[in-house]
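# Residue-level structural notes
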Amino acid sequence: MRCLNAAEIYAYLENDLLPERRADIDEHLDLCAKCRQAIEERRHLTEAALSLPNLEVPHDLARRVMAKISSPAPSLPVWLTAFIVGLSSLGLLSFLLILSGGKGAITILAGFNHAVLVYLKNSIVWLAKAMTLLTSAWKAIQTLALAFFKGISLLTTLTSPGVQALILTMTLAALISLYLAFKKILLQGEKT
Amino acid sequence: MSSMNEEQDKELIRRTLQGETKAFEILVRKYQQSIMNYIGRMVRERETAIDFTQDVFVRAYSSLRSFDPTHKFTTWLFRIASNLVIDHWRKKKIQALSLSEPADEDRGPALDIPDNEPSVARKFELAELRRRIEKALERLPTSQRELFIWRHVNGLSYEEMAEIKSLPLGTVKNRVYQAKETIRRLLEESS
């Protein structure tokens, strides 16, 4: 067998050879001092290379990375999206009822019996009001939704799923009670 | 063990994608040393290496949704790091090899062992030998240096390196062997 080249030596040192080939090399090494020395030389070099020291990492590197990244935009769960949309619609409806002076939908419907010109005039006024309202409401909803979402994110990070479910149920119940009470007050106002 | 480690990484990625940034911080702490060891030896400027190490994780975070969970997270992370280093070299107009470009050294010197080869590795104490290897690394062609670091400092397998660089397994092995031989010759010259 001819003497080994460097590739064969490294493959031998890394045990990356077929068993038959390895046996041939072992046989050759028993007879060849030059190849034995070449193997020892590269074994020593490889061992030194494998023990190169770590480079120093700043102690606050992870903190710096975390400061650079903003919170990802994870997709909202369907139930949460539905909840936010429902809540927003409820808020908007309440706003409209309040601003119509307690007369609410009845006044709006009565408008249809007026003359076309009066109706158009009123509609334009209403449209302008509604646009102003919608803009304000949209801004308020955006702020509310953002705060709500941040709260949910914090909640999921800090508490267990059981506690999360309990808090969400209680919040939902409180909101529904608030809505029902609000509705009752409005209806009483209409009767008087 | 390795498979368990991969599963842990995938779980941390899943939690990160659900908005738990703390999970990503765990990944940063887990791999910051490996990335710093690689980039630091590639760019050779400490402050640049620190900045790049941070950038690797920021890039990884911003494109985490594109991570294919059938691959290893470390392989993906090292590919990001490698691309960052290549961009850096391009900007500085330092020779940067594309992923598929054949390196000159692949067609280069034979790996034959000459007669009467002097023993250089045994001439030095281990600490001195390590210092000389670090110096020799600076003079190594970039494509060899990168693979040498991944193999010996980061402990990547040849298969992982071939995947990161999209190169045939044989080419990767050959470059690592060439790198070791080049280092040995540089040690011989300097002794």
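As shown above, the structure is provided for reference.
Quick look at the structure, then. (Residues numbered from 1 in each chain as written. Chains lettered and ligands numbered in written order. Predicted model: local features only at pLDDT ≥ 70, side-chain atom pairs only at ≥ 80, totals over all residues. Heavy atoms only, no water.)

At the junction of the two partners, chain A supplies 42 residues and chain B supplies 53 residues. Summed over both sides, the interface of chain A with chain B buries roughly 4300 Å², with 61% coming from carbon and sulfur. Here chain A is connected to chain B by six salt bridges. Our enumeration of links across chain A and chain B arrives at 14 residue pairs in polar contact (both at pLDDT 80 or more). Mapped by element, the contributors of at least two residues to the side of chain A that touches chain B are α1 (6–13), α3 (33–50) and α4 (61–68) of chain A. Per element, the largest residue contribution to the side of chain A that touches chain B is twelve residues, and it comes from α3 of chain A. (Contact = heavy atoms within 4.5 Å. Buried area = accessible area lost by both parts, 1.4 Å probe. Salt bridge = Lys/Arg side-chain N within 4 Å of Asp/Glu carboxyl O. Polar contact = N/O pair within 3.5 Å; in protein donor to acceptor, adjacent residues only side chain to side chain. Helix = DSSP H or I, 4+ residues; strand = E, 2+ residues; numbered from the N terminus.)

This part takes up the packing of helix α2 (residues 21–43) of chain B against helix α3 (residues 46–62) of chain B. Residue and element names in this part refer to chain B. It is at 8 Å that the axes of α2 and α3 come closest, and there the two elements cross at 140°. Judged by the angle between their axes, α2 and α3 are oblique. For the pair α2 and α3, the sense of crossing is right-handed. Between α2 and α3, the residues in contact are Thr21, Phe24, Leu27, Val28, Tyr31, Gln32, Ile35, Met36, Ile39, Gly40 and Val43 and Arg46, Thr48, Ala49, Ile50, Phe52, Thr53, Val56, Phe57, Ala60 and Tyr61, respectively. Here the residues of the contact of α2 with α3 sort into 15 nonpolar, five polar and one charged. (Axes fitted to C-alpha atoms, helices over the stretch in contact; angles between N-to-C directions. Parallel < 35°, antiparallel > 145°, perpendicular 65-115°, else oblique. Left-handed = near helix turned anticlockwise from the far one by under 90°. Nonpolar A, V, L, I, M, F, W, Y, C, P; charged D, E, K, R; others polar.)

In this section: the packing of helix α2 (residues 19–31) of chain A against α3 of chain A. Residues and elements named next belong to chain A. Packing of α2 against α3 brings their axes to within 6 Å, and their N-to-C directions diverge by 110°. Classified by the interaxial angle, the pair formed by α2 and α3 is roughly perpendicular. Contacts between α2 and α3 involve His28, Leu29, Asp30 and Leu31 from the former and Ala33, Cys35, Arg36 and Ile39 from the latter. Class assignment for the residues of the contact of α2 with α3 results in five nonpolar, one polar and two charged.

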